[in-house]
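Structural overview for review
The primary structure of each chain is shown beneath.
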Amino acid sequence: MKYKLKVKTLSPIHIGSSFDFEPTNYVINKEQTVRPQAQNDTIECSECHYKNPIEYVKQRHECGNCEVPLELPKGFCQISKDINKYFLYTFNPKQISDAINPLALSSLAKRSEDIVELQGFFKSNRTCIIPCATKRAIVATEIAQKYEQECGVRQDNDNFGRKRRLNLFQIERTMSTGLNEVAYIPGSSLKGAFRTAILSAINVKKRLPYDKTKKGNFYEKMLLNCNDALSDPLRNLEVADALPEQPFLTKILTAKNYKKYQNVGAGQLPIFTEVIPTGTEFFCTLEIQQEWLSMKMICDNCNSFYGKLLDEQSRSMRQVSDSFFYSCDSNKENTFVACIGKHCGAEHITIENLRNIRIRRGEQSYISDRSTTYWAADDGSEILPFGWCIIQWEPF
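The present account deals with the structure reproduced in this document. (Residues numbered from 1 in each chain as written. Predicted model: local features only at pLDDT ≥ 70, side-chain atom pairs only at ≥ 80, totals over all residues. Heavy atoms only, no water.)

A closer look at the overall build of the protein chain
- Helix and strand counts for the protein chain stand at eleven helices and 19 strands.
- The buried share among the 396 residues of the protein chain stands at 46%. (Helix = DSSP H or I, 4+ residues; strand = E, 2+ residues; numbered from the N terminus. Buried < 20%, exposed > 50% of the residue type's maximum accessible area, 1.4 Å probe, protein only.)

Below, the structure written as structure tokens:
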């Protein structure tokens, strides 16, 4: 049986991609200071004369009506309505060679081992780089101000004569398509969330004995009565990648670590992170090829498993407003909640009552069935947990 899924983000989501943005492939600036006014807000297709929104062409490089390839005219840019917001612009080596004077590039090559010089070079040449940028993302004001003050600037020693730590301004990059750099939610992330909820529901009936020495894959084999991946009955649960129906801008914010049930930080350094913002909608398909598994079962299991975790977060996350948790309503028919991606918390990716979570205290560590800290997304205006989404399904 095949189903269509609509995934709507309730809080920022970051899907790890193993890649980072670095100041040698991005710059940050206010929209109004660089991007000139465009003559039109749309680009007309020469084949069907359909007027495409600029952001759609920038993301998809094709006509939204007839799918004929479209490109932005060289030097074409648009001033944002949010003229006081900061934006990140990414670029590649080819675009740099087209945008910057060859003499300036040759002088850069002579000092390429000095990271501060490199940061300062791209930052000082951003007015040339931005019109050729391949991607644009909204940046939290706190991060943008830190970039202005510290990126490409040599830091003096602190009051104790110690050398200050160099900020490399690396930004965790969320998963995106290769050519168009459109952020998406991999099917494997959704399937992993469904799988954890299903396994937890099975364990409610089987009640496997808890053993701190056993790892998660041991319990999975016991619960599913399989020996390897080939005999895994959930192998035939197929979830496609979830793609956005409308173009959108990702957001750069700060991931901060807090102690549960306390209004204090946990001592971890904050992380600059690219996220899919709240309220973004994605669509994908899901296919079930097992008689014992149904979409209703997945829906009920997820609501039960993630509903408990949502309730627990509402008590333990003192930094998060209660209004967020009130907004996570999944009581509608054919609707359920799930939590996906990085920074969502160890409980969300482990089987209920069989968790072996490693807790670190300085150089030592111990195993527990619950975590003691949580990561939250801070964009300067509000603090939210990572990873929450609401999913609606219907037969395909």
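That covers the picture; the talk isn't over yet.
Re the packing of aromatic side chains
- Considering all chains together, one arrives at 13 aromatic pairs under this definition.
- Ring centres of Phe218 and Tyr219 lie 5.6 Å apart, and the angle between their planes is 70 degrees; on these two criteria the pair is classed as edge-to-face.
- Residue class for Phe218 comes out partly exposed when judged on its relative accessible area of 35%.
- With a centroid separation of 5.8 Å and 80 degrees between ring planes, the pair formed by Phe248 and Phe282 is classed as edge-to-face. (Phe/Tyr/Trp six-rings, centres within 6.5 Å; stacked < 30°, edge-to-face > 60°.)

Here's the deal with helix α9 (residues 216-224)
- For α9, the set of buried residues is Tyr219, Leu223 and Leu224. The buried side chains of α9 occupy one side of the element, clustering within an arc of 120 degrees when seen end-on.
- Of the residues trailing α9, Asn225 is marked for its positive phi of about 55 degrees. (Arc of directions from axis to C-beta.)

Looking at the side chain of Ser368
- Tracing the sequence through the fold places Ser368 in strand β16 (residues 364-368).
- Among the polar contacts made by the side chain of Ser368, one reaches the main-chain carbonyl oxygen of Arg370 at a distance of 3.2 Å. (Polar contact = N/O pair within 3.5 Å; in protein donor to acceptor, adjacent residues only side chain to side chain.)

Quick word on the pattern of salt bridges
- Enumeration according to the criterion identifies 16 salt bridges in this entry.
- Arg195 is the salt-bridge partner of Glu220, the closest N and O atoms lying 2.9 Å from each other. In this pair, Glu220 is assigned in helix α9 and Arg195 in helix α8 (residues 187-206), connecting sequence segments 25 residues apart.
- The exposure class assigned to Arg195 is buried, which follows from its relative accessible area of 18%.
- Here Glu312 ties to Lys260 by a salt bridge, and the two come within 4.0 Å at their closest N and O atoms. Here Glu312, found in helix α10 (residues 295-316), pairs with Lys260, found in the loop between β11 (251-259) and β12 (271-275); they are 52 residues apart in sequence, far enough to count as distant. An identical accessibility class is assigned to Glu312 and Lys260; each is buried.
- Because the salt bridges share partners, they merge into one network encompassing Glu142, Lys256 and Asp378. (Salt bridge = Lys/Arg side-chain N within 4 Å of Asp/Glu carboxyl O.)

Quick notes on the layout of surface pockets
- Here the largest pocket is characterised by a volume of approximately 970 Å³.
- Along the wall of the largest pocket there are 38 residues; nearest its centre are Asn257, Ala346, Ser371, Thr373 and Trp375.
- Where the lining of the largest pocket is concerned, the elements lending two or more residues are α8, β11, α10, β15 (357-361) and β17 (373-378).
- The biggest single contributor to the lining of the largest pocket is β15, with five residues.
- Of the residues contributing to the lining of the largest pocket, the split by class is 14 nonpolar, 16 polar and eight charged. (1 Å grid on protein atoms, 1.4 Å probe; cavity = no way out; pocket = protein on both sides within 12 Å on 5 of 7 lines; lining within 4 Å. Points joined across faces, edges and corners; volume = space filled by probe spheres on them. Nonpolar A, V, L, I, M, F, W, Y, C, P; charged D, E, K, R; others polar.)

Comments concerning the nonpolar core
- Residues Leu190, Phe194, Leu286, Ile298 and Tyr306 are the most contacted members of the largest nonpolar core, which totals 62 residues.
- Broken down by element, the residue count for this core peaks at eight residues, all from α10.
- Apart from the residues within four sequence positions on either side, Phe194 is in contact with Leu5, Val239, Leu286, Ile298, Cys302, Phe336 and Ile391.
- Judged by nonpolar contacts, the second largest core, of 29 residues, contains Val27, Phe122, Phe169 and Leu249. (Core = buried A, V, L, I, M, F, W, Y, C linked by side-chain atoms within 4.5 Å. Contact = heavy atoms within 4.5 Å.)

Describing the packing of α8 against α9
- Orientation of α8 relative to α9, taken along the N-to-C sense of each, is 65 degrees, at an axis distance of 10 Å. At the point where α8 passes α9, the crossing takes the left-handed sense. Contacts between α8 and α9 involve Arg195, Leu199, Ile202, Asn203 and Lys206 from the former and Glu220, Met222, Leu223 and Leu224 from the latter.
- Residues belonging to the contact of α8 with α9 are distributed by class as follows: five nonpolar, one polar and three charged. (Axes fitted to C-alpha atoms, helices over the stretch in contact; angles between N-to-C directions. Left-handed = near helix turned anticlockwise from the far one by under 90°.)

So, unusual backbone geometry
- Backbone geometry places Asn225, a non-glycine residue, at a positive phi of 55 degrees.
- Structurally, Asn225 is set in the loop between α9 and β9 (237-239).
- Using a relative accessible area of 64% as the deciding quantity, one classes Asn225 as exposed.
- Unlike most non-glycine residues, Asn353 shows phi in positive territory, near 70 degrees.
- Structurally, Asn353 can be placed in the loop between β14 (335-339) and β15.
- Take Asn353: its relative accessible area is 55%, and that puts it in the exposed class.

With respect to the side chain of Thr254
- Mapped onto the fold, Thr254 is located in strand β11.
- Sequence-distant contacts of Thr254, defined by excluding residues within four places in its chain, comprise Glu142, Ile143, Pro270, Ile271, Phe272, Ala376, Ala377 and Asp378.

Let's talk about the environment of Arg154
- Note that Arg154 resides in the loop between α7 (141-150) and β8 (171-174).
- Residues Arg154 and Val116, spaced 38 residues apart in sequence, show a C-alpha to C-alpha distance of 6.7 Å.

Some details on helix α5 (residues 115-124)
- Taken across its ten residues, α5 has seven buried, putting it largely inside the fold.
- Of the positions making up α5, those classed as buried are Val116, Leu118, Gln119, Gly120, Phe121, Phe122 and Lys123.

Some remarks on the pairing of strand β6 (residues 86-90)
- A large share of β6 lies buried, amounting to five of its five residues.
- Burial along β6 is two-sided: Tyr86, Leu88 and Thr90 facing one way and Phe87 and Tyr89 facing the other are all buried.
- Two strands pair when backbone bridges link them, and strand β3 (residues 26-30) and β6 are joined in this way by five bridges, in the antiparallel orientation. Paired with Asn29 across the strands is Phe87, a residue of β6.
- Across five bridges, β6 lies against strand β7 (residues 135-139) in antiparallel orientation. Counted as the bridge partner of Tyr86 is Val139 from β7. (Pairing = 2+ DSSP bridges.)

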